[in-house]
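This is what each chain is made of:
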Amino acid sequence: MTVPLSILDLAPISEGSTAAQAVRNTIDLAQHAEQWGYHRYWLAEHHFVSVASSSSLTLLALVAAATSHIRVGTGAVQVGHHTSASIVEAFGTVDALHPGRLDLGLGRSGHRRSQFGAEASTAKGGHPVLDTVTGRTRIRDGVVVPPPFDPRGITDRSKFVASLEALQQPHAEALDFPDQIAEVRALLGGTYTSSDDVALHAVPGEGADVELWLFGSTAGESAEVAGRLGLPFAAAYHVAPGTALDAVEAYRAAFRPSPTLAEPHVIVSADVVVAADDATARHHAGTYGHWVHSIRSGSGASEYRDPTTASPLTPDQLRLVEDRLAAQIVGSPDTVTERLESLVKVTDATELLITTIAHDHTDRLESHRLLADAWGLRAARAA
């Protein structure tokens, strides 16, 4: 088709399975993705939930070692939970054995304990109030654009705040996002100096042949910084379908040519499930709403439920996840490629980033294989 396809993997843990099996599934999918012609294979970062991608930097190394030429990256390292040096040294270590294949994707965590501590303490132990999105869903040239999700519906933030406490040293304060991006770039480029003007060099890390990406889901700081610095930008439509298109527009508006890019380079993510026919695909995607609800209710991503045994969501539960269900792209290869082509047209995306979650690993593999064939990835690679 018109643009390359890449994969974003959360390493989901299915109901009745284990984290170890989820890691094996990630390696297996990455190897197949390489054969099928996908351009990049990125690993998400999520903590204290039922996914096996908590240490995206470790998983990146395992995937790079198990493949030979597909680009491997993070989508994205949550910079508020890492020092700039630890990020650059980790990537430099993997780049030493797999040079020129790594994408360093950085995301603005933006969730500091001081931001949410007081709010969360009043909600501890409380049952979450199931709020809904407000406004009306629009269809923009075939692309579903629901109203932005209102996070005030998640009133029980106790687990969220506890995870932040575990992920940062006591009394530590994350750098502002632009400052941390500057540190990472300086360490990679060999120009880093401390606050006392002492030069430090990341070994390994300095001079690593990695591609730097910024991630964002709104027309906010991440999009603006990526544009101003002339870096490639990944817009998370799969997480925030109500605001991701605004993020793309903000990035393009802020873009300034740089030694890295002469023109904007945008990758847009999408939740996708493909099967031989629409009905089978809808069945495989049948518990996606349960999974999103577990996140938005404050519990964090649960094990991915089996659609053959899971009970239907209640009306209140459905209202909390309706924007994500509306934006998920589910169906036969023809159905899915038509909607993805619309997403490319509306966003003018340079690439698409596909994330697929299913209870059975074989169904997830088949979804990516069918999409690769329908998109013509193998034919394009052979040409």
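See the structure printed just above.
About the cut-offs
- Residues numbered from 1 in each chain as written.
- Predicted model: local features only at pLDDT ≥ 70, side-chain atom pairs only at ≥ 80, totals over all residues.
- Heavy atoms only, no water.
- Helix = DSSP H or I, 4+ residues; strand = E, 2+ residues; numbered from the N terminus.
- Salt bridge = Lys/Arg side-chain N within 4 Å of Asp/Glu carboxyl O.
- Buried < 20%, exposed > 50% of the residue type's maximum accessible area, 1.4 Å probe, protein only.
- Core = buried A, V, L, I, M, F, W, Y, C linked by side-chain atoms within 4.5 Å.
- Contact = heavy atoms within 4.5 Å.
- Pairing = 2+ DSSP bridges.
- Axes fitted to C-alpha atoms, helices over the stretch in contact; angles between N-to-C directions.
- Parallel < 35°, antiparallel > 145°, perpendicular 65-115°, else oblique.
- Left-handed = near helix turned anticlockwise from the far one by under 90°.
- Nonpolar A, V, L, I, M, F, W, Y, C, P; charged D, E, K, R; others polar.
- 1 Å grid on protein atoms, 1.4 Å probe; cavity = no way out; pocket = protein on both sides within 12 Å on 5 of 7 lines; lining within 4 Å.
- Points joined across faces, edges and corners; volume = space filled by probe spheres on them.
- Polar contact = N/O pair within 3.5 Å; in protein donor to acceptor, adjacent residues only side chain to side chain.
- Expected span 1.5 Å × (residues − 1).
- Phe/Tyr/Trp six-rings, centres within 6.5 Å; stacked < 30°, edge-to-face > 60°.
- Lys NZ or Arg CZ within 6 Å of the ring centre and 35° of its normal.

Considering the environment of A226
Then comes step 1: Position of A226 among the secondary structure elements: in helix α7 (residues 221-229).
Then comes step 2: Separated by 146 residues in sequence, A226 and G80 have C-alpha atoms that sit 17 Å apart.

Some points on the pattern of salt bridges
Then comes step 1: Evaluated as defined, the whole model comprises 16 salt bridges.
Then comes step 2: The closest approach of N and O atoms between R40 and D103, which form a salt bridge, is 2.9 Å. Of this pair, R40 sits in strand β2 (residues 40-43) while D103 sits in strand β5 (residues 102-107), and the two are 63 residues apart along the sequence. The pair formed by R40 and D103 is uniform in burial state, with each residue classed as buried.
Then comes step 3: Here D316 ties to R319 by a salt bridge, and the two come within 2.0 Å at their closest N and O atoms.

What about the nonpolar core?
Among soluble globular proteins, nonpolar side chains are generally buried collectively.
Then comes step 1: Counting residues in hydrophobic clusters, the biggest one holds 81 residues, and the most contacted among them are Y38, L106, Y237, L340 and L352.
Then comes step 2: In this structure, L340 is in contact with A270, V272, I329, L352, I354, L371 and W375, ignoring residues within four places of it in sequence.
Then comes step 3: A44, W213, W291 and L353 belong to the second-largest nonpolar core, a separate cluster that totals 20 residues.

So, the pairing of β5
Then comes step 1: For β5, the buried fraction is high: 6 of the 6 residues fall into the buried class.
Then comes step 2: With burial as the criterion, each face of β5 is covered, one bearing L102, L104 and L106 and the other bearing D103, G105 and G107.
Then comes step 3: Here strand β4 (residues 77-78) runs beside β5; their pairing, made up of 2 bridges, is parallel. If you follow Q78 over to β5, its bridge partner there is G107.
Then comes step 4: Bridge count for β5 against strand β8 (residues 210-216) is 6 bridges, and the pairing is parallel. Bridging across to β8, L102 finds its partner in V210.

Side note on unusual backbone geometry
Then comes step 1: A cis amide bond links G75 to the next residue, A76, at an omega of 10°.
Then comes step 2: Turning to its location among the elements, A76 is positioned in the loop between β3 (71-74) and β4.
Then comes step 3: Cis geometry marks the peptide bond from V203 to P204; its omega dihedral reads -5°.
Then comes step 4: Within the element layout of this structure, P204 appears in the loop between α6 (177-189) and β8.
Then comes step 5: Look at F48: it is not a glycine, yet its phi comes out positive at around 60°.

What about the packing of α6 against α7?
Then comes step 1: Between α6 and α7, the least distance of the axes is 10 Å, while the angle of their chain directions is 40°. With respect to their mutual orientation, α6 and α7 come out oblique. Here α6 runs over α7; the crossing is right-handed. Of α7, the residues touching α6 (which contributes F177, P178, I181 and R185) are E221, S222, V225, R228 and L229.
Then comes step 2: Looking at side-chain class alone, the contact of α6 with α7 contains 5 nonpolar, 1 polar and 3 charged residues.

Side note on the layout of surface pockets
Then comes step 1: Quantified by volume, the second largest pocket comes out at close to 260 Å³.
Then comes step 2: If you trace the second largest pocket, you find 16 residues lining it, with G80, H82, T83, E173 and A174 closest to the centre.
Then comes step 3: Of all the secondary-structure elements, those providing two or more residues to the lining of the second largest pocket are α3 (84-97) and α6.

Quick look at the side chain of S222
Then comes step 1: Within the secondary structure, S222 is located in helix α7.
Then comes step 2: Beyond its immediate sequence surroundings of up to four residues, S222 is in contact with R108, F177, L214, F215, G216 and F233.

Focus on the side chain of D103
Then comes step 1: Overall, the relative accessible area of 0% leaves D103 in the buried class.
Then comes step 2: Only 2.9 Å separates the side chain of D103 from the side chain of W42, close enough to count as a polar contact.
Then comes step 3: For D103, the residues in contact, after removing those within four places along its chain, are R40, W42, R71, V72, G73, T74, F91, E211 and W213.

Regarding α3
Then comes step 1: The end-to-end C-alpha separation of α3 is 21 Å, in line with the 20 Å expected for 14 residues at 1.5 Å each.
Then comes step 2: Listed as buried for α3 are S84, I87, V88, F91, G92, V94 and D95.
Then comes step 3: In this structure, the buried side of α3 is in contact with α2 (56-66), β3, β4, β5, α6 and β8.

A closer look at the packing of aromatic side chains
Then comes step 1: Following the criterion strictly, the structure yields 6 aromatic pairs and no others.
Then comes step 2: Between the aromatic rings of F233 and Y251, the centroid separation amounts to 5.2 Å while the plane-to-plane angle is 25°, which identifies the pairing as stacked. Here F233, found in strand β9 (residues 233-235), pairs with Y251, found in helix α8 (residues 244-254); they are 18 residues apart in sequence, far enough to count as distant.
Then comes step 3: Residue classification places Y251 among the buried positions, given a relative accessible area of 0%.
Then comes step 4: Among the aromatic side chains, those forming a connected cluster through ring pairs are W42, W213 and F215.
Then comes step 5: Lying over the aromatic face of F149, R296 brings its terminal NZ or CZ to 3.7 Å of the ring centre.

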